[in-house]
Amino acid sequence: MEEFQVIVHTLPAPTSGTYSILRLTLIGSEGGETPPISVNAGANQHRLLPGSACVVRVWSEVALGRVVLVRLRLEARTGFPDLDWHCRGVEVRRLCDRQEEGAGLQHQGAEHFPCSRWLRSVDGDVELRNGDMCLLNSETVQTLKDHRLKDLHTKQQHIRWRTFAEGVPHCVDMTSLKELGPNLSYTRQSPGINLQYLRGFAERAESWSSFTELETMFSHNGSQNTVAKYVQAHWAEDWFFGYQCLNGCNPLMVRQTRLLPPNLSINSDILCPFLPDGSSLEQELERGSIFLLDYEMLEGVPANVINGKQQFLAAPLVLLHLNQQGELKPIAIQLQQAPGPQNPVFLPSDPGPDWLLAKTWVRCSDFQCHQLSSHFLRTHLLGEVCCTATLRQLPEVHPLHQLLMPHIKTTLQINIQARASLLAANGVFDKNVGCGLEALPVLLSRATERLRYRSLCVPDDLADRGIHTLKHCYYAHDALRVWNALHRFVSGWVDMYYLGDQDVEQDSELQSWITEIYTHGFLQLPHSGCPQSFQTKPELSQFVTMVIYCCSALHAAVNFSQVDFDLWMPNCPASMMHPPPQTKGMLTEDEILSILPDVNSTCNLLITLFLLSQPSADYVPLCQYREPVFSSGAPHRLVEKVQAELRAISDEITDRNKKLELPYDYMSPDRIENSVAI
């Protein structure tokens with residue numbers, strides 16, 4: 001008979017304990033197992049209290065070999081609430097009988113079986129294995145191989161795919177947090193936002209009466225926001241329009257161009273006054289100083305009806321010129337894709353109100369693409385696809401499961417909540433945004449069809465768009481430094497578990513994972529460039545870096561900047577109440593207000609942006625891990641190294657920003673959340 005000492009640990013958090021009865025079984029490498037014993041009932045009167053360590057003896061009449069699994073089952077206790085229990089882990093020590101007289105039983109070294117999750121009575125049997133991460137091909141015990149397959153099969157029964165909208169990345173087949181369960185949901189600690197001065201406008205379904213009235217609302221909500229005040233002061237200036245293309249809340253649209261779009265009705269003579277003396281449009285194109293914004297994905301998208309009033313959308317083309325001072329300025333704006341006499345090209349030399357309205361139309365179009373493509377698709381939906389595939393195809397013992405989950409786990413909850421509220425009937429998009437419920441699936445499917453894997457990888461994206469060398473593109477500078485630090489970290493992680501490219505090719509779990517992402521995320525679109533399999537370690541490292549970057553740093557750049565740039569509503573209106581102008585010289589600046597969103601929709605949207613744009617009070621910064629696997633050994637050394645690199649980047653950004661009139665710190669690692677948590 002073999003004897004074991006087992007210690008069951010409960011997390012110390014106040015609500016971690018339970019009244020329920022815990023039954024425990026040890027499973028050995030030879031396939032044998034002990035009869036289940038009760039840890040906290042019958043002869044063992046332990047209590048599963050917060051922070052408790054319950055010690056029990058377990059006997060086995062069969063030779064177990066090495067204990068490789070611990071099976072736990074929680075059963076509701078009669079007459080008591082059926083509370084979930086947060087298990088920290090289990091320690092198992094084999095007791096051996098030494099033959100020397102009076103020696104008695106001796107302890108061998110403890111085997112640790114980490115848990116760090118909630119257990120429920122409805123879960124049935126839950127089996128823990130030791131905390132050593134490994135690939136499937138490294139498993140030497142058949143019992144553990146079988147457990148690995150069984151674990152994935154169980155997850156795949158619970159976590160399934162469904163179609164959110166045609167042509168859009170698939171989502172998890174859940175509609176409530178109850179279905180998600182306690183281990184994939186979280187509680188976000190609110191930073192305590194003051195919304196007092198935005199409430200109370202619900203009945204004002206009318207235009208702002210004057211810019212003075214709009215300024216009154218702004219001053220009560222933006223007086224402490226230095227960036228928002230700077231935006232209000234400079235929003236109408238051409239250089240600031242270009243600055244926002246590079247460093248605003250949507251720095252992903254602008255690109256260098258060497259050719260004019262064939263549907264842009266413009267020629268060199270018209271643009272000469274806005275170019276350097278002695279130069280021509282052709283010379284500036286060849287020099288690489290002409291940039292393009294193209295919102296063609298908005299063409300023909302149905303516009304919303306807000307407060308009973310038809311709204312309107314545009315699909316602009318914008319040419320910008322990079323001058324010798326490093327400023328990017330718009331020099332031509334065409335508000336619709338098809339050229340024609342009723343689609344004039346607006347120029348900086350046009351009457352002031354016409355030029356300002358043309359730029360405002362572009363900012364409105366940018367709002368639609370920012371919210372649904374740059375923000376929701378590239379961070380939220382991509383993160384959800386990768387999280388769902390990870391849960392379904394990579395067992396918890398897989399090293400990439402452990403590396404990825406801290407960055408992607410939160411996407412399931414936030415996206416379930418978004419589909420039930422923000423993107424649902426009577427939600428924010430339905431009531432306040434030019435792209436309402438009818439347009440939402442259209443624009444998302446177009447954005448998905450245009451999504452390229454290269455555009456998700458920072459070095460490729462910046463080079464392809466020709467912005468990597470721009471002196472004043474702080475997003476590009478910071479993004480590249482953060483990407484490189486993450487890439488070195490991920491490459492080191494991959495090196496620890498994959499000795500060569502052959503190990504990557506032969507990892508069947510990994511290949512199933514990328515197949516699911518290609519199928520359900522990139523919808524098997526070959527032109528997306530998404531890998532369909534992995535052959536080499538560099539390929540794998542790049543893809544994993546991309547996932548972590550998009551769900552942390554990119555999300556910080558496109559989400560936490562929103563209130564700063566949108567609080568002064570004319571800078572980034574969510575809808576327009578008149579169609580794009582077809583003539584020039586017929587507008588006054590005050591008349592622009594009648595085209596912008598109503599009072600109630602302005603304030604309702606700002607309430608949502610305030611709630612979404614503030615990091616939680618308890619947020620976890622980038623690469624600050626709380627999971628046990630990162631706390632010791634080689635993983636811990638890798639984490640320490642990347643944390644030191646990220647701290648250095650934060651310090652460099654802080655020093656740079658001291659010299660800037662408008663600091664840019666959205667990509668500072670100490671401000672980047674580790675995952676998409678809001």
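Residues numbered from 1 in each chain as written. Predicted model: local features only at pLDDT ≥ 70, side-chain atom pairs only at ≥ 80, totals over all residues. Heavy atoms only, no water.

S.K.: Mind laying out the sheet that holds strand 13 (residues 290-294), listing which residues take part and the relevant values?
M.R.: Pairing is antiparallel in the open sheet, where 5 strands are placed in the order 12-13-16-17-18. In this open sheet, the two strands that pair with only one neighbour each are strand 12 (255-256) and strand 18 (345-346). Against the sheet, helix 5 (residues 238-247) contacts strand 13, strand 16 (317-322) and strand 17 (328-334), and its axis sits at roughly 95 degrees relative to strand 17. (Pairing = 2+ DSSP bridges. Helix = DSSP H or I, 4+ residues; strand = E, 2+ residues; numbered from the N terminus. Contact = heavy atoms within 4.5 Å. Axes fitted to C-alpha atoms, helices over the stretch in contact; angles between N-to-C directions.)

S.K.: Can you lay out the UniProt feature "site: Essential for stabilizing binding to COTL1" (unreviewed entry) in the chain for me, pointing to particular residues and giving the numbers?
M.R.: When the UniProt feature table is mapped onto this chain, "site: Essential for stabilizing binding to COTL1" (unreviewed entry) is found at Trp118. Position of tryptophan 118 relative to the elements: it lies in strand 8 (residues 111-119). (UniProt positions renumbered as here; feature names shortened; annotations may be inferred.)

S.K.: Let's hear about the sheet that holds strand 9 (residues 125-129): which residues, and what values?
M.R.: In spatial order, the strands read 3-2-5-9; together these 4 strands make up an open sheet with antiparallel pairing. Of all the strands in the sheet, just strand 3 (37-38) and strand 9 have a single pairing partner and so form its edges. Inspection of the sheet shows strand 2 (residues 21-28) paired to strand 5 (residues 67-75) by 8 bridges, in the antiparallel sense. Note on strand 5: the bridge partner recorded for leucine 22 is leucine 74.

S.K.: Which residues make up the side chain of threonine 545, and what values go with them?
M.R.: Position of threonine 545 relative to the elements: it lies in helix 18 (residues 537-559). The exposure class assigned to threonine 545 is buried, which follows from its relative accessible area of 0%. Among residues more than four places away in sequence, those in contact with threonine 545 are Trp483, Leu486, His487 and Val490. (Buried < 20%, exposed > 50% of the residue type's maximum accessible area, 1.4 Å probe, protein only.)

S.K.: So what's going on with the pattern of salt bridges? Which residues, and what values?
M.R.: All chains considered together, the criterion is met by 40 salt bridges. The closest approach of N and O atoms between arginine 23 and glutamate 75, which form a salt bridge, is 2.9 Å. Here arginine 23 is found in strand 2, whereas its partner glutamate 75 is found in strand 5, with 52 residues between them in sequence. Here aspartate 665 ties to arginine 671 by a salt bridge, and the two come within 2.6 Å at their closest N and O atoms. Since its relative accessible area comes to 25%, aspartate 665 is described here as partly exposed. Through salt bridges that share partners, Glu33, Arg71, Glu127 and Lys150 make up one connected network. (Salt bridge = Lys/Arg side-chain N within 4 Å of Asp/Glu carboxyl O.)

S.K.: Please give an account of the nonpolar core that cites residues and values.
M.R.: Leu293, Leu403, Tyr475, Trp513, Phe543, Met546 and Tyr549 are the most contacted members of the largest nonpolar core, which has 171 residues in total. Not counting the four nearest positions on each side in its chain, tyrosine 475 is found in contact with Leu246, Asn247, Pro251, Leu252, Leu462, Arg465, Tyr549, Leu554, Ala557, Tyr664 and Met667. Counting 26 residues, the second-largest nonpolar core is a separate cluster that includes Leu22, Cys54, Val70 and Leu119. (Core = buried A, V, L, I, M, F, W, Y, C linked by side-chain atoms within 4.5 Å.)

S.K.: Could you give an account of the packing of helix 15 (residues 474-497) against helix 21 (residues 633-657), naming the residues involved and the relevant values?
M.R.: With their axes 10 Å apart at the nearest point, helix 15 and helix 21 run at an angle of 170 degrees to one another. Here helix 15 is positioned roughly antiparallel relative to helix 21, judged by the angle of their axes. Residues Tyr474, Asp478, Arg481, Val482, Ala485, Arg488, Phe489, Gly492, Trp493, Met496 and Tyr497 of helix 15 lie in contact with helix 21, whose contacting residues are Ala634, Pro635, Leu638, Val639, Val642, Glu645, Leu646, Ile649, Glu652, Ile653 and Arg656. (Parallel < 35°, antiparallel > 145°, perpendicular 65-115°, else oblique.)

S.K.: An account of a nonpolar patch on the surface is needed here, citing residue identities and associated values.
M.R.: Among the surface-exposed residues, Tyr19, Phe80 and Leu83 lie close enough to one another that they form a single nonpolar patch of about 280 Å² accessible area. Position of leucine 83 among the secondary structure elements: in the loop between strand 5 and strand 6 (85-97). Exposure remark for leucine 83: the relative accessible area of 37% places this residue in the partly exposed category. (Patch = residues over 30% accessible without salt bridge, like charges linked within 9 Å, V, L, I, M, F, W, Y side chains within 5 Å. Areas by Shrake-Rupley, 256 points an atom, 1.4 Å probe, with all protein chains shown as cover.)

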